[in-house]
Amino acid sequence: MKPKRHARNGEFHHKHSLGQNFIEDEALLEQLAELSLVTPEDSVLEIGPGFGALTRPLSARCRRIISLEIDDTLLPILRVALEKCENAEVVLGDVMKTDLAALVREKLGDGPLRVAANLPYYITTDVLTKLLTELPQARSIAVMIQKEVGDKLLSQPGEDGYGPLAILCQYLCEVRRALDVPAACFTPPPKVDSSFMVLERRDAPLCSVHDEALFMKLIRGAFVMRRKTLVNNLMSAFSLSREEASACIDRAGLPAQVRAEALSIEELARLCNEISGLQASTDRI
Ligand code: SAM
């Protein structure tokens, strides 16, 4: 890709492979920082600061901010961009290989935490899953993602895109689309439009699940073969006989031939509790 000349940062070769679509519009950046719900008592973890454009307005609103960036060629630019932000620190690393709980403990302590990011789109699903599972203390996760993935996060049973990610997000958080952002607002513009989504952690998950690890296994396993009925997916995910899988479905009050995509989160939770009941009674799975 041709290097772009930036008013502040000279020539920089954006790396498409790292999802480097930057935002330069100061008014938009202020708006995103505002929508991130950050208050002076909060610590912030930012993923992918790029040139530090979103880091600055976030830093002005929070107690302390750690920004995790994979691209070491951005470090000299970030040093200059953030020199007046005394509460900001950049950490070099790959979010997917970083122990986020340990990073937050070491750098930010145990005060209130929020996450904010204009995410690299090539790892959206994996990063969201990691943030939700590794940082349960984060009060909110405010992220720029592809509009289509934003639709997915809001999707309901029977709708396109309803699956493990939507269920995990809605089970743990109130999910809102805070702003639609056209591709033209980025440099270079990505191929798709974006949405800034805000996930506010619920005080307690949407419904009661006896074994949360089993619930995670269920929401992944139930959707593995979308064309197959739930009973088939349960048999392979949990090594159940057809009779055992059917009995769990029946005891959860669900139709025998149902597919996972038709089930609400509450119904999946009921099913999960039946499977853990079976697990307890047969001491396996
Ligand atoms: N925050 C900046 C902005 O809004 O202009 C840049 C956002 S850009 C969409 C994504 C950023 O994430 C880039 O700086 C990129 O280098 C960084 N990034 C990509 N993959 C990453 C990874 N695995 N871990 C940490 N940062 C990553």
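Up top you'll find the structure we're talking about.
Residues numbered from 1 in each chain as written. Predicted model: local features only at pLDDT ≥ 70, side-chain atom pairs only at ≥ 80, totals over all residues. Heavy atoms only, no water.

J.: Got a minute to help me understand the site of the ligand in this structure?
T.: Not every one of the 23 residues close to the ligand is listed here, only the nearest: Gly48, Glu69, Asp94, Asn118 and Tyr122. The separation between a nitrogen atom of the ligand and a polar main-chain atom of glycine 48 is 2.8 Å. Here glycine 50 contributes a backbone N or O atom positioned 3.2 Å from an oxygen atom of the ligand. With the chains in place, 99% of the 590 Å² that the ligand exposes on its own is no longer accessible. One can see that the ligand is located within the largest cavity. When residues of the shell around the ligand are traced back to their parent elements, those giving at least two are strand S3 (22-23) and strand S5 (64-69). Partitioning the shell around the ligand into residue classes produces 12 nonpolar, 7 polar and 4 charged. (Near = heavy atom within 4 Å. Polar contact = N/O pair within 3.5 Å; in protein donor to acceptor, adjacent residues only side chain to side chain. Areas by Shrake-Rupley, 256 points an atom, 1.4 Å probe, with all protein chains shown as cover. 1 Å grid on protein atoms, 1.4 Å probe; cavity = no way out; pocket = protein on both sides within 12 Å on 5 of 7 lines; lining within 4 Å. Sits in = over half its atoms within 2 Å of the grid points. Helix = DSSP H or I, 4+ residues; strand = E, 2+ residues; numbered from the N terminus. Nonpolar A, V, L, I, M, F, W, Y, C, P; charged D, E, K, R; others polar.)

J.: Whenever I open this one, empty space enclosed by the protein confuses me. Can you help?
T.: The probe, sized like a water molecule, is rolled over the atoms to show the empty space still left. Applying the stated criterion across every chain, the model contains 2 cavities of 30 Å³ or more. Space inside the largest cavity adds up to approximately 370 Å³. Taken together, 30 residues form the lining of the largest cavity, with Gly48, Pro49, Gly50, Glu69 and Asn118 sitting closest to its centre. Counting residues per element, the ones that place at least two in the lining of the largest cavity are S3, strand S4 (43-47) and S5. Among the residues forming the lining of the largest cavity, the class breakdown is 19 nonpolar, 8 polar and 3 charged. (Points joined across faces, edges and corners; volume = space filled by probe spheres on them.)

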